[in-house]
Every structure is written in structure tokens, then in C-alpha cells.
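Observations on the three-dimensional arrangement
Okay, here's what each chain looks like letter by letter:
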Amino acid sequence: MVALRTRRRLRRLAGRAGFAFAVLVIVSPAVMVFLWMLSLSLKTEIENIAYPPVFIPETPTLDNFRHVFEASPFGRYIVNSLVVTGSATLLALAIGVPAGYGIAKAKAYRLAVLVLIARITPNLSYLIPLFILFQFLGLTGTLWPLVITHLVITVPIVVWVMIGFFETLHPDLEEAALIDGATLWQAFRHVALPLARPGIVVAAILAFIFSWNNFIFGVVLAGRETRTLPVAVYNVLTFEQISWGPLAAAALVVTLPVLILTIFVQREILTGLTAGGIKGG
Amino acid sequence: MSAEAALAGSRRSHALWRRLSGGAAARGRPYVLFVVPALLLMAAVIVFPWLFTGFMSLHEWKLSQARSFAGLDNYLRLLGDGRFQWAALRTLYYAALAVVAPLVLGTVAALIFHRRFPFRGFLRGVFILPMMATPVAVGLVWTMMFHPQLGVLNYLLTSIGLPPQLWVYDPGTVIPSLVMVETWQWTPLVMLIVLGGLAALPTEPYESAQLDGASAWAMFRHITFPLVLPFLMVAAIIRTIDAVKSFDIIFVISQGGPGTASETLNLFLYLQAFAFYDVGYASAVVAVFFALIVALSLTLLYLRQRTQWSP
């Protein structure tokens, strides 16, 4: 009797250990790559090219980060990225939230298909005509081309998330406002919009992240002064092929804000992503 | 413009609107106004590029040189361009691998995260980090990890007794190596989609199967898998579109090399447009590329309908 019980308990324990191992296996690649990035960025060049590799830095140093900021105007690139991504996100909210509302209310799903088509088109295909247009308009050398092209990423995300959100919003309150003589705009502005704040947060976070991460528009459109962070980080590679420390430090600077944001607002991000399985890119 | 023409124009646009909006404008409320700014913007940054691309593709046009009408010459040139055809084949090969691997691993991960265990929420957050991280940053770290002499991957391989690899420095292994990065990055998206499917599953079939003494595998094979298949198809569609369009990872890690061994359509397109400035020819590539993506998406959508209707 007792033996049987312990055997059952042992089997359950083994099952649990196996499951814990499976969790470890599935999560560790994600963790390892980022830890390796951190390790490379904190080590001296000697430790970085040592073989066998040094995993935990013996004498952690911030020299690599200092080097990145001294060797190039990295501060300016951070500002560029903040301006481009910030403007593209805010403009997308201003345009996309009402659009999502209109589409959800009018059930104009064929318009939503337009958003999907924008989603499947390769970004490079927008770039050739827009590149020529920006040259023609004399906008090259400013941040405008970047802000405008980043709207291609942010607007579809915002519209898509907001359609899903406004659909789940109960229409009674707006109907009541309309009956009381409010205009459509007032019903939207004072009734629907405040209720939609959680949806707007989700849309803003996703739009921000995917615009922040975008590389392809910057690599084509940005000049020396107007680089965004991903382009600046890529350039660290081309000029300093062998310096791994500064390269990892630069990579960490661009991606760390996104990683922290992801961990802290995980729930919002999951809501938005599962709403339509979208992403920029 | 005469008043009559303007009226006809507005009537036409109204009819167009009604067609687009599925007849909802008949309900009499001008919700169209909410959508107008977005529509104008989309016309400027999306529809205009399409039309202009079509126009350019019919011209012999290099930037900073005079352009001349060329009819379908650019398209005919594609037919005879071996480099383009190899790029197209490579894209399909890359996409096939970069769809299947994340689908399999993502399903496994979803089955794991579907169960309750301590720190599940936090670990799920950690698990989705690769898909939110900046692709360029990730690509750079992988580049260092792939280094044949000093890279950590070869150290790990040799420490468990396997021979070191050339990874992205060998034409034969460059695409699988890049797909490894792509899989690392996008398995979380598949996991999230399948997890959504698992959350919606009914519990009764499992209860009766358990009473009948079905094994865990049998339950997965005959209950879970058919029920989440529609979600898997959605994941497959999204993955296919993204894999075909993949750019950042390839551009950062291998630049399409060694030689042209990892030059996919997107890389080929970039080269034609922004290294050779041959925008006429590049536009023809865009048109064919876009047609390929639409064809692939429609095929998968068709398959998805089939899986939903089959008993």
C-alpha cells in the first residue's frame, strides 16, 4: 500500500521535473541571447575575443558604452529615434483612432481589408516611389521622410487594434448621447474615446515598438545627421568589424527600452497582438 | 467643373463609399468622416506608391538619368535574369523553412504555456522578448555568435563533441542558419496565436476521452490538433507573408552572401533599387514580388477555408 503510494508520488514528481525541464528548454534560448548581449557589452575586448568564451565578465566595465557615445553622435541618434517614433505614433493615433471608430461603427470591413493589404506589402516597395518623391520635394536631409514612412507601420497597427476595441464597446451610451442631441463627433469625443483609453494604450505601445525597431526605412532614407538608432547601430558594425564590445553595447542601447517595455506591459501587448496577429515589418 | 458633373462625382463617390462600407452608409450616419483622414493618408503613402511603381516598371529608368518608355521590357528582362530566378527559388526555400520550424516549435510552446505553473505570466513575457526586440540588434548579436573561430555557437557544439560549423560563412548552411535566427525570433508569435486557440477549446471531448482511457498523444492527435488547426493556418499565413518579406536579419547578418547564397527577392530588390538605382527594373521586381505574396496568401486562405469546412 505504502510502496504504491510512494511510487505514484515519485511518478508525479518525475512528471513535474520533466515539465519544468521542458519550460527551461523552451525559454532559455530567448534568455541566453540577451544575456550574451549583456555579457559582451560589459567585457573588455580581450575577454570578448578569448577562446573558450568568457561568460561572466571578470572585471565588468562600462567602457564599451562610453566608446559608443564618444565615437559617434549617438545622443543625437537617440533624439532622432524618439522624434521619428514619437511623431509617427502620435500622428497615427490622431488619424487611426477615429478611423477605427468609423470602420467599427459603419461595419465598413472592406476598408479594413485595405489595412490588411498594407500589412502584406513589402516595405521596400513603398520606398522606391517615396524616395523619388522626397527627393523631388527636397525633403531629404530632414526627419520628415522618416516620420511619413513610419506612418506606413503605425497607422495600420492603430486602426486594426482600435477596430477590434470599438467593436466590443457597448453602443448604448453613445446612442443616449446622440438622442440628447450630441453630434457624432461629440459622442465620439466625450463618450467613446474616454472608454477606449485601454485600447488606445495597447495601440500606442505596439505602434511605438514596431516603429522604434524599423530599420529598412532609415537605412534608405536617413543621411548622416538623420539616422535612427537601428541604422546607427548597424553602422557600428560596418566601421568596426572586430570590436564586439561597442557593437553589443550599441545593440543593447537600442533594444533595452523595448525589452523593458515588453516585460512591464506584457498584458497589453498580448491583448493587442492576439487581436489580429499583427506586427509591422 | 459644372454643377452637374460635381453632383455626378459626389454621387459616384457616395456609391463607391457604400460599396466599400458594405451598405452601412444606408444607416444614414456619416461615419465616413472619421475615416477620411486615414484614407487620404493611405492614398498618399500606399496607393500612390503602387501606381507610381506600375508606371516606373514600364520605363527604362535609372536615377539621375533620363527615362524612356520601355513597355514590358523590364518584365521580359526578369524572365531572362538567372540571378532573379535564383533569388525567387531561394525565397521559397527560406520561407518554407521559416514557416515550418516556428509552427512546430510554437505549437509545442503553446501546449506548455497552456498549463498552469509558477511564474507562468513572467516566463511568457520572457518568451515573447525575441519578437519584440529590435531585429538589427538581435542580428548583430547572432552575427557574433556565428563567428567560426570565436563564436559561442561553435564553442557549444565542440563542447558536446560535435564538429564546428561555418554557419553563415558557408553557402550550403547560410539559409538554415538565418532561418534559425528567424525561428528564434518568430516562434513566440505562433505560440501566442495557438495559445489563443487552446484557450477557446471546449473541455467535454477531453473528459469523455479520458473516461475512455485515451493516451495524451491520442488526445492531442484526435482532439486538440483538429480544433486548433484553423489557428495554425492563421499562423501559417502570417508566417508565410513575413518570411517571404524577411529583410533585416538577412541584411544585417549575411548581406545576401556569401556570394549570392542568401540573396532572397527582398535583398535582390534592395540591390537593384538602392545600390544600382535601376528603379525601372526594381519596380518590375516589386510587381512580381507582390504578386507572389498575394498568390501565396490566397493559397493559404483557400486551404484555411477547406480545413474549416471539412468535418
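Scanning chain A from terminus to terminus reveals 14 helices and 0 strands. Starting at the N terminus, the α and β elements of chain A follow one another as α-α-α-α-α-α-α-α-α-α-α-α-α-α. The C-alpha radius of gyration computed for chain A amounts to 24 Å, which surpasses the reference 19 Å derived for 281 residues by more than 25%, pointing to a less compact arrangement than a globule. With the C-alpha coordinates of chain A rotated into their principal frame, the extents come out at 75 × 70 × 30 Å.

Let us now look at the interface of chain B and chain A. Of the residues lining the interface, 92 residues belong to chain B; the matching set on chain A comes to 90 residues. Across the chain B to chain A interface the summed buried area is about 8000 Å²; carbon plus sulfur atoms make up 82%. Among the residues chain B hides against chain A, the three largest losses belong to B:Phe34, B:Met132 and B:Met144. Together they make up 10% of the total. For the interface between chain B and chain A, the tally reads 0 salt bridges. Top contributing element to the side of chain B that touches chain A by residue count: helix α2 (residues 32-57) of chain B, with 16 residues. Taken together, the residues of the side of chain B that touches chain A break down into 70 nonpolar, 14 polar and 8 charged.

Here we take up the environment of B:Ser177. Along the polypeptide, B:Ser177 turns up in helix α9 (residues 174-199). Ignoring any residue separated from it by four or fewer positions in sequence, one finds B:Ser177 in contact with B:Phe146, B:Trp167 and B:Val168.

In this section: the environment of B:Leu303. For B:Leu303, the position within the fold is in helix α14 (residues 279-309). Accessibility expressed as a relative area gives 38% for B:Leu303, which makes it partly exposed.

Bringing the pattern of salt bridges into the picture now. Residue and element names in this part refer to chain B. A full pass over the atoms with the stated rule returns 6 salt bridges over all chains. Residues Asp278 and Arg77 are paired through a salt bridge, measuring 3.3 Å at the closest nitrogen-oxygen approach. A residue pair is termed long-range when its members are at least 10 positions apart, and Asp278 in the loop between α13 (265-274) and α14 and Arg77 in helix α3 (residues 73-80) qualify at 201 residues. Of the charged contacts, one joins Arg239 and Glu182 as a salt bridge, the two residues approaching to 2.9 Å between their closest N and O atoms. Pair noted here: Arg239 is in helix α11 (residues 216-245) and Glu182 is in helix α9, with a separation of 57 residues, a long-range link. Given the relative accessible area of 0%, Arg239 is considered buried.

What follows is about helix α8 (residues 172-179) of chain A. One turn of an α-helix holds 3.6 residues; hence residues three or four places apart share an orientation. Residue and element names in this part refer to chain A. Those residues of α8 not exposed but buried are Glu174, Ala177 and Leu178. Mapping the buried residues of α8 onto a view down its axis gives an arc of 100°, with all of them on the same face. Looking at α8, the residues exposed on the side facing more than 90 degrees away from the buried face are Asp172, Leu173 and Ile179. The secondary structure elements touched by the buried residues of α8 are α4 (74-106) and α9 (184-195). At the exit of α8 stands Gly181, carrying a positive phi of roughly 100°.

All right, on to helix α7 (residues 135-146) of chain B then. All names here are of chain B. With 12 residues, α7 ought to run about 16 Å at 1.5 Å a step, and its terminal C-alpha atoms sit 16 Å apart, in line with that. Counting buried residues along α7, 12 of its 12 residues qualify, which places the element largely inside the surrounding structure. Along α7, the positions that sit buried rather than exposed are Pro135, Val136, Ala137, Val138, Gly139, Leu140, Val141, Trp142, Thr143, Met144, Met145 and Phe146.

Let us look at the nonpolar core. Note on soluble globular proteins: their nonpolar side chains tend to be buried together. Among the nonpolar cores identified, the biggest contains 193 residues, and A:Phe74, A:Ile128, A:Phe166, A:Phe215, B:Trp142, B:Met191 and B:Phe274 are the most heavily contacted of them. With 15 residues, the single largest contributor to this core is α9(B). Contact partners of A:Ile128, with chain neighbours within four places excluded, come to B:Met56, B:Leu269, B:Ala273, B:Phe274, B:Val279, B:Ala282 and B:Val286.

All names here are of chain B. Applying the stated criterion across every chain yields a total of 38 aromatic pairs over all chains. Judged by centre distance (5.4 Å) and plane angle (20°), the ring pair of Phe48 and Phe52 falls under stacked. Remark: Phe52 and Phe48 occur in helix α2; sequence separation between them is 4 residues, near one turn of the helix. Taking the relative accessible area as the measure of exposure, Phe48 reaches 27% and is therefore partly exposed. Residue Phe52 is classed as buried on the basis of its relative accessible area of 18%. One cation-aromatic arrangement involves Arg67 over Trp61; the distance from NZ or CZ to the ring centre is 5.0 Å.

A cluster of basic residues, A:Arg5, A:Arg7, A:Arg8, A:Arg9, A:Arg11, A:Arg12 and A:Arg16, forms a positive patch on the protein surface. Assignment of secondary structure puts A:Arg9 in helix α1 (residues 2-42).

All names here are of chain B. Mapped onto the secondary structure, Ser262 falls in the loop between α12 (248-253) and α13. Of note is the side chain of Ser262, whose polar atom sits 2.7 Å from the side chain of Ser254. Apart from the residues lying within four places of it in its own chain, the contact partners of Ser262 are Arg90, Val174, Ile175, Leu178, Ile250, Ser254, Gly256 and Gly257.

Okay, the packing of α7(B) against α9(B) next. When two helices pack together, their arrangement is given by the angle between the helix axes and by the axis-to-axis distance. All names here are of chain B. The contact between α7 and α9 brings their axes to 11 Å, and the two run at 135°. With respect to α9, the element α7 is oriented oblique. For the element pair α7 and α9, the recorded crossing hand is right-handed. Across the interface between the two elements, Pro135, Val138, Trp142 and Phe146 of α7 pack against Ser177, Met180, Val181, Trp184 and Gln185 of α9. Of the residues that constitute the contact of α7 with α9, the class distribution is 7 nonpolar, 2 polar and no charged.

To continue, consider the side chain of B:Thr187. Residues and elements named next belong to chain B. Structurally, Thr187 is set in helix α9. By relative accessible area, Thr187 is classed as buried at 7%. At a separation of 2.7 Å, a polar atom in the side chain of Thr187 contacts the main-chain carbonyl oxygen of Thr183. Once residues lying within four places of it in the same chain are set aside, the contact partners of Thr187 are Pro102, Leu105, Gly106 and Phe127.

Turning next to unusual backbone geometry. Residue and element names in this part refer to chain B. Geometrically, the link from Gly257 to Pro258 is a cis peptide bond, its omega value of 0° lying close to zero. Within the fold, Pro258 resides in the loop between α12 and α13. You will see that Trp167, though not glycine, has its phi angle at about 50°, which is positive. Checked against the element boundaries, Trp167 lands in the loop between α8 (152-159) and α9.

About the cut-offs
Residues numbered from 1 in each chain as written. Chains lettered and ligands numbered in written order. Predicted model: local features only at pLDDT ≥ 70, side-chain atom pairs only at ≥ 80, totals over all residues. Heavy atoms only, no water. Helix = DSSP H or I, 4+ residues; strand = E, 2+ residues; numbered from the N terminus. Rg over C-alpha atoms; globule rule 2.2 N^0.38 Å. Contact = heavy atoms within 4.5 Å. Buried area = accessible area lost by both parts, 1.4 Å probe. Salt bridge = Lys/Arg side-chain N within 4 Å of Asp/Glu carboxyl O. Nonpolar A, V, L, I, M, F, W, Y, C, P; charged D, E, K, R; others polar. Buried < 20%, exposed > 50% of the residue type's maximum accessible area, 1.4 Å probe, protein only. Arc of directions from axis to C-beta. Expected span 1.5 Å × (residues − 1). Core = buried A, V, L, I, M, F, W, Y, C linked by side-chain atoms within 4.5 Å. Phe/Tyr/Trp six-rings, centres within 6.5 Å; stacked < 30°, edge-to-face > 60°. Lys NZ or Arg CZ within 6 Å of the ring centre and 35° of its normal. Patch = residues over 30% accessible without salt bridge, like charges linked within 9 Å, V, L, I, M, F, W, Y side chains within 5 Å. Areas by Shrake-Rupley, 256 points an atom, 1.4 Å probe, with all protein chains shown as cover. Lys, Arg positive; Asp, Glu negative; His and termini not counted. Charge placed at Lys NZ, Arg CZ, Asp CG, Glu CD. Polar contact = N/O pair within 3.5 Å; in protein donor to acceptor, adjacent residues only side chain to side chain. Axes fitted to C-alpha atoms, helices over the stretch in contact; angles between N-to-C directions. Parallel < 35°, antiparallel > 145°, perpendicular 65-115°, else oblique. Left-handed = near helix turned anticlockwise from the far one by under 90°.

Keep in mind these values describe shape, not function.
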